[in-house]
Amino acid sequence: MHREIPVAQIVLNPANGWIQKIGDVYDAAHVPVGVAVKEGRPDRAGLNEWWRGRGIPASRDAFYGKLEELGIATTELLAERCYGLSLSDQYWLCPEGSGLKWKEVNFFDNPFSEDVGNVLLGEQVSGQPFSLVSPDNTSDGWLRKKWKIVDGRRCLIKGGSGATQQEPYNEVLATCMMERLGIPHAVYGLCHEKGYPYSICEDFITAETELVTAWYLMRTKKRENHTSVYQHYVDCCEKNGMMEIRNSLDQMIVLDYLLLNEDRHQNNFGVVRDARTLEYLGASPVFDTGTSFWWSTPTAMIGSLARIHCKPFKKFHEEQIRLVNSYDWLELSRLRGVDEEFREIIRDSLFIDAERRDRLCAALNHRIDGLQRIMDSHAKYTFVDNISMDVRENTVYHGKIF
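Note that the structure is a prediction, hence the values are computed from the model and not measured. In every chain, residue numbers begin from 1 and rise along the written sequence. Note on the predicted model: pLDDT of at least 70 is required for a residue's local features to be given, and 80 or more for side-chain atom pairs to be given and counted; whole-chain, interface and lining totals, by contrast, use all residues. The side-chain numbers reported here are obtained from all heavy atoms of the structure, hydrogens and water having been left aside.

Digging into the confidence of the model for the protein chain
Note on scores: pLDDT gives the predictor's confidence for each residue, bounded by 0 and 100. The predicted model of the protein chain has a mean per-residue pLDDT of 90, with 90% of residues at 70 or higher. Taken as a whole, residues 382-402 scores under 50 in pLDDT and shows 36 contacts with residues more than four places along the chain or in a different chain. The contact rule is simple, with two residues in contact once any of their heavy atoms fall within 4.5 Å.

Below is the structure:
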């Protein structure tokens with residue numbers, strides 16, 4: 001089902017929850033984005049990949065032990081127990097003959113249990129019937145997390161990892177920087193439970209919209225061998241009417257450069273579409289920036305000149321920043337003092353000591369200064385096709401220079 005619209009009849013394998021058969025197809029236009037449709041029928045392998053992608057990933061911290069506690073054999077069976085419902089889109093499974101309605105079951109408008117989320121965060125649930133009706137059954141990512149309704153708002157609470165537990169603090173730092181720079185973003189705050197830090201963020205998807213990640217959007221069009229991943233993503237967006245996507249990519253790449261984001265994979269950025277009209281509304285706000293800013297690096301190595309790997313378009317940040325088309329929107333002076341703002345955010349952390357605080361704040365200023373040098377170099381040239389012109393000396397160079 002896609003909201004109230006029947007999409008296709010499927011049969012799940014009762015042993016593992018995989019799709020073993022696709023029966024009648026009712027509305028091929030509403031098949032999930034990225035699943036191939038041939039002669040009006042969705043590809044079973046592609047639909048299975050999409051379905052398995054809704055489950056909790058095997059990389060989730062201590063996941064398999066928790067799954068055993070729940071008495072569930074696979075992530076697909078766990079997702080089935082909540083009808084496949086998510087807080088990222090409007091797809092779900094309606095058991096044949098159940099008479100269930102979207103308005104009665106969706107998690108945007110109806111309450112849900114926190115039992116699964118509490119177990120995944122390491123809490124013990126006892127003394128009451130255990131409920132599997134939870135959007136936590138379909139939450140992705142490898143960090144510990146849970147959904148919670150706070151004052152009527154659907155909020156995602158996400159933990160950190162390792163000795164520093166730094167990821168939640170990084171999310172708050174990213175929020176501060178994007179607010180200063182005017183980058184559309186999901187807003188992260190900080191909370192604590194039993195001394196551990198967690199980030200908390202309200203869902204930016206509503207009961208009328210849904211997130212289509214870059215991974216699935218890029219599967220709607222074949223990528224030619226000579227086309228880069230970056231250009232292919234731009235082509236797919238523009239094919240669907242999102243002609244300003246380069247501006248949003250510029251902002252995301254700049255932020256990831258400043259924060260040395262190591263994990264901007266193709267499933268944590270994308271676009272938003274109207275789930276009723278299927279109209280694409282534009283780029284999603286920037287979210288999920290915790291795995292960044294030397295999050296797992298020993299304190300003595302923070303600020304090292306060693307190149308750090310990045311995603312999704314290039315292997316290193318020094319290469320990816322070259323994809324930025326324009327810096328006209330960016331006023332780096334607005335980041336003045338953000339290092340001290342971050343110092344206050346992490347001041348009371350039980351996991352980040354004074355030396356690490358100092359090194360992180362100094363490194364942040366260093367990244368900002370480095371980007372300023374790149375911007376100055378970028379401003380020195382104007383580009384016409386494959387020829388770059390030195391504005392100051394009127395000297396012509398062949399190929400882009402950075």
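With respect to the sheet that holds strand S10 (residues 270-274)
When DSSP finds two or more bridges between two strands, those strands count as paired. Secondary structure elements follow DSSP: runs of H or I of four or more residues count as helices, runs of E of two or more count as strands, with numbering from the N terminus. Here three strands make up an open sheet; going across it, the order is S9-S10-S11 and the pairing antiparallel. Two strands lie at the open edges of the sheet, namely strand S9 (209-213) and strand S11 (280-283), each paired on one side alone. Going across the sheet, the axis of each strand differs from the next one's by a mean of 25 degrees, ignoring polarity. Inspection of the sheet shows S10 paired to S11 by three bridges, in the antiparallel sense. For valine 272, the partnering residue across the bridge sits in S11 and is glycine 282. Lines fitted to C-alpha atoms define the axes, with helix axes restricted to the stretch in contact, and inter-axis angles between N-to-C directions lie between 0 and 180 degrees.

Quick look at the layout of surface pockets
Here a cavity means grid points, on a 1 Å grid over the protein atoms only, where a 1.4 Å probe fits yet cannot get out; a pocket means an open set of points with protein on both sides within 12 Å along at least five of seven lines; lining residues are those with an atom within 4 Å of a point. Grid points are joined across faces, edges and corners, and a volume is the space filled by probe spheres set on the points. In this structure, the largest pocket encloses a volume near 1200 Å³. Contributing to the lining of the largest pocket are 46 residues, with Ser88, Asp140, Leu211, Thr213 and Asn267 lying nearest its centre. Counting residues per element, the ones that place at least two in the lining of the largest pocket are helix H1 (44-52), strand S5 (145-150), strand S6 (153-158), strand S8 (196-202), S9 and helix H7 (214-217). Among the elements that line the lining of the largest pocket, the one with the most residues is S9, at four residues. Note on residue classes: Ala, Val, Leu, Ile, Met, Phe, Trp, Tyr, Cys and Pro are nonpolar, Asp, Glu, Lys and Arg are charged, and everything else, Gly too, is polar. Partitioned by chemical class, the residues of the lining of the largest pocket number 20 nonpolar, 13 polar and 13 charged. In this structure, the second largest pocket occupies an estimated 630 Å³ of space. Lining of the second largest pocket is provided by 26 residues; of these, Met1, Ala8, Ile10, Leu93 and Cys94 occupy positions nearest its centre.

Comments concerning the pattern of salt bridges
Take a side-chain nitrogen of Lys or Arg and a carboxyl oxygen of Asp or Glu: if they are within 4 Å of each other, that pair is a salt bridge. Tallying each qualifying case throughout the model produces 19 salt bridges. A salt bridge links arginine 264 to aspartate 256; the shortest N-O distance between them is 2.9 Å. There is no split in this pair, since arginine 264 and aspartate 256 are both buried. For every residue, the accessible area obtained with a 1.4 Å probe (protein chains only) is divided by the maximum for its type, and the residue is called buried under 20%, exposed over 50%, and partly exposed between those limits.

So, helix H11 (residues 338-346)
Residues three or four positions apart in an α-helix share a direction because the helix packs 3.6 residues into each turn. By the burial criterion, the buried members of H11 are Val338, Asp339, Phe342, Arg343, Ile345 and Ile346. Axial view of H11: buried residues confined to an arc of 160 degrees, hence all on one face. Contacts from the buried residues of H11 go to helix H6 (167-181), strand S7 (188-193) and helix H12 (354-379). To be clear, the arc concerns the directions from the helix axis to the C-beta atoms.

Looking at the packing of aromatic side chains
Centres within 6.5 Å are what make two rings of Phe, Tyr or Trp a pair, Trp counting through its six-membered ring; a difference in plane orientation under 30 degrees is then read as stacked, over 60 as edge-to-face, and the rest as tilted. The full count for this structure, using the stated rule, is 11 aromatic pairs. For the pair tyrosine 196 and phenylalanine 351, a centre-to-centre distance of 5.2 Å together with 35 degrees between the ring planes defines the contact as tilted. Of this pair, tyrosine 196 sits in strand S8 while phenylalanine 351 sits in the loop between H11 and H12, and the two are 155 residues apart along the sequence. A centroid spacing of 6.5 Å and a plane angle of 35 degrees characterise the contact between tyrosine 233 and phenylalanine 313, whose relative ring orientation is tilted. Here tyrosine 233 is found in helix H8 (residues 229-239), whereas its partner phenylalanine 313 is found in the loop between S11 and helix H10 (317-320), with 80 residues between them in sequence. A network of ring pairs unites the aromatic residues Tyr230, Tyr233, Phe269 and Phe313 as a single cluster.

Notes on the nonpolar core
As used here, the term nonpolar core means buried Ala, Val, Leu, Ile, Met, Phe, Trp, Tyr and Cys residues forming a set that is joined through side-chain atoms within 4.5 Å. Membership of the largest hydrophobic core comes to 58 residues, with the highest contact counts inside it found for Tyr233 and Leu371. Of all the secondary-structure elements, those providing two or more residues to this core are H6, H7, H8, helix H9 (245-259), H11 and H12. Apart from the residues lying within four places of it in its own chain, the contact partners of leucine 371 are Val254, Tyr257, Leu258, Ile321, Tyr327, Leu330 and Leu332. In terms of nonpolar packing, the next biggest core, distinct from the first, is built from 19 residues, Leu87, Val105, Trp147 and Ile205 among them.

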